[in-house]
Amino acid sequence: MSNKSVYFVTLGCSKNDVDTNIMKSVLSHDKYDIAESLEDANIIIVNTCGFIEDAKQESIDMIFDMIQFKEEHNCEYLIASGCLAQRYPEELLSEIPELDGILGTGQLGDINKLLDSILNNERDNVYVENINSEYVEGVHRKEVGITEYVKISEGCNNNCTYCIIPALRGKNRSRKIEDIHSEVENLVERGTREIILIAQNTSDYGIDLY
């Protein structure tokens with residue numbers, strides 16, 4: 001059986017760009033290929049944003065655009081990942097039956113398990129429980145540019161009343177300096193010349209480790 005082709009649509013902030021790169025990197029390439037275009041896709045994954053109303057609406061609109069595309073082309077499966085998927089998994093599945101699966105922000109490393117489950121016609125394809133999971137280390141991006149974003153931590157401990165981030169991304173989890181250095185080194189070796197370090201709260205970097 002030939003591999004299924006997966007196409008990623010990424011919305012929202014630069015942290016979502018990093019998450020998409022992680023998913024692409026951990027994808028089991030003996031089963032799945034990364035599609036170069038929507039027209040080539042058997043599976044579409046929409047990496048959503050769910051922080052403010054405009055971002056939520058943009059994510060919903062994109063999901064419906066991809067539903068229409070799925071109906072008109074050879075795409076077989078549609079998955080929502082990212083912050084909106086983490087925030088409203090049950091609502092999305094009940095209101096949008098065309099969705100085949102949900103992948104939350106803390107379970108990027110389970111992308112192969114989710115895809116395998118969907119292709120095997122198994123039920124309950126919702127992966128949102130492990131919001132405080134460890135960062136997926138040791139993966140190398142398939143493509144790199146002159147400028148690349150590198151996460152130094154995930155989540156936030158502040159729990160501000162006006163902010164939903166801790167519920168979407170979990171508590172602050174800093175990456176080890178050695179892991180950050182290794183990722184940056186790999187990027188530079190492959191041609192990156194500008195590294196932008198990002199996090200939900202960069203000023204809290206390391207308080208949980210050092």
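The structure under discussion appears in the preceding block.
Here goes a summary of the coordinates provided.

1. Remarks on the overall build of the protein chain
Logical step 1: A tally of helices and strands in the protein chain yields seven helices and 10 strands.
Logical step 2: Relative to its length of 210 residues, the protein chain is compact, with a C-alpha radius of gyration of 17 Å against a globular reference of 17 Å.
Logical step 3: Out of the 210 residues in the protein chain, the part that is buried amounts to 49%.
Logical step 4: For the protein chain, restricting intrachain contacts to residue pairs at least 6 apart in sequence, the fraction spanning at least 24 positions comes to 72%.
Logical step 5: With an accessible surface of roughly 10,700 Å², the protein chain has 46% of that area assigned to carbon and sulfur atoms.
Logical step 6: One way to put it: in the protein chain the 19 positive side-chain charges average out to a point 5 Å from where the 38 negative ones average out.

2. Points about the sheet that holds strand β2 (residues 32–34)
Logical step 1: Spatially, the six strands line up as an open sheet ordered β2-β1-β3-β4-β5-β6, and their pairing is parallel. Every interior strand has two partners, whereas the edge strands, β2 and β6 (126–127), have only one.
Logical step 2: In this sheet, strand β3 (residues 43–48) lies alongside strand β1 (residues 4–10) in parallel orientation, the contact comprising five bridges. Bridge pairing in β3 links Thr10 to Asn47.
Logical step 3: Helix-sheet contacts for helix α1 (residues 14–26) involve β1, β2, β3, β4 (77–81) and β5 (101–103), and the interaxial angle to β1 is about 170 degrees.
Logical step 4: Relative to β3, helix α2 (residues 53–72) is tilted by about 175 degrees, and along the sheet it contacts β1, β3 and β4.

3. Focus on the environment of Gly206
Logical step 1: Its place among the elements puts Gly206 in the segment after β10 (194–198).
Logical step 2: Assessed through its relative accessible area of 7%, Gly206 is described here as buried.
Logical step 3: Remark: the alpha-carbon pair of Gly206 and Leu27, spanning 179 residues in sequence, is separated by 29 Å.

4. Structural notes on the side chain of Gln86
Logical step 1: The residue Gln86 is located in helix α3 (residues 82–87) in this model.
Logical step 2: Reaching out from Gln86, the side chain makes a polar contact with the backbone nitrogen of Thr105 at a distance of 3.1 Å.
Logical step 3: Sequence-distant contacts of Gln86, that is, excluding residues within four places in its chain, are made with Gly104, Thr105, Gly106, Val128, Ile131, Ala167 and Leu168.

5. Considering the nonpolar core
Logical step 1: Counting 22 residues, the largest nonpolar core has Ile44, Val46, Ile63, Met66, Leu78, Leu99 and Ile102 as its most contacted members.
Logical step 2: Going through the elements one at a time, β3, α2, β4 and α3 are the ones with two or more residues in this core.
Logical step 3: With four residues, α2 is the largest single contributor of residues to this core.
Logical step 4: In contact with Ile63, not counting residues within four places along its chain, are Val46, Thr48, Leu78, Ala80, Ile96 and Leu99.

6. Notes on a negative patch on the surface
Logical step 1: A cluster of like negative charges, contributed by Glu90, Glu91, Glu95, Asp124 and Glu129, occupies part of the molecular surface.
Logical step 2: One can find Glu95 in helix α4 (residues 89–95).

7. Quick look at the packing of aromatic side chains
Logical step 1: Under the criterion given, the structure shown has one aromatic pair.
Logical step 2: Ring geometry for Tyr205 against Tyr210: centres 6.5 Å apart, planes inclined by 50 degrees, an arrangement best described as tilted.
Logical step 3: Note on Tyr205: relative accessible area 23%, which makes it partly exposed.
Logical step 4: Owing to a relative accessible area of 57%, Tyr210 belongs among the exposed residues under this scheme.

Basis of the calculations
- Residues numbered from 1 in each chain as written.
- Predicted model: local features only at pLDDT ≥ 70, side-chain atom pairs only at ≥ 80, totals over all residues.
- Heavy atoms only, no water.
- Helix = DSSP H or I, 4+ residues; strand = E, 2+ residues; numbered from the N terminus.
- Rg over C-alpha atoms; globule rule 2.2 N^0.38 Å.
- Buried < 20%, exposed > 50% of the residue type's maximum accessible area, 1.4 Å probe, protein only.
- Contact = heavy atoms within 4.5 Å.
- Areas by Shrake-Rupley, 256 points an atom, 1.4 Å probe, with all protein chains shown as cover.
- Lys, Arg positive; Asp, Glu negative; His and termini not counted.
- Charge placed at Lys NZ, Arg CZ, Asp CG, Glu CD.
- Pairing = 2+ DSSP bridges.
- Axes fitted to C-alpha atoms, helices over the stretch in contact; angles between N-to-C directions.
- Polar contact = N/O pair within 3.5 Å; in protein donor to acceptor, adjacent residues only side chain to side chain.
- Core = buried A, V, L, I, M, F, W, Y, C linked by side-chain atoms within 4.5 Å.
- Patch = residues over 30% accessible without salt bridge, like charges linked within 9 Å, V, L, I, M, F, W, Y side chains within 5 Å.
- Salt bridge = Lys/Arg side-chain N within 4 Å of Asp/Glu carboxyl O.
- Phe/Tyr/Trp six-rings, centres within 6.5 Å; stacked < 30°, edge-to-face > 60°.

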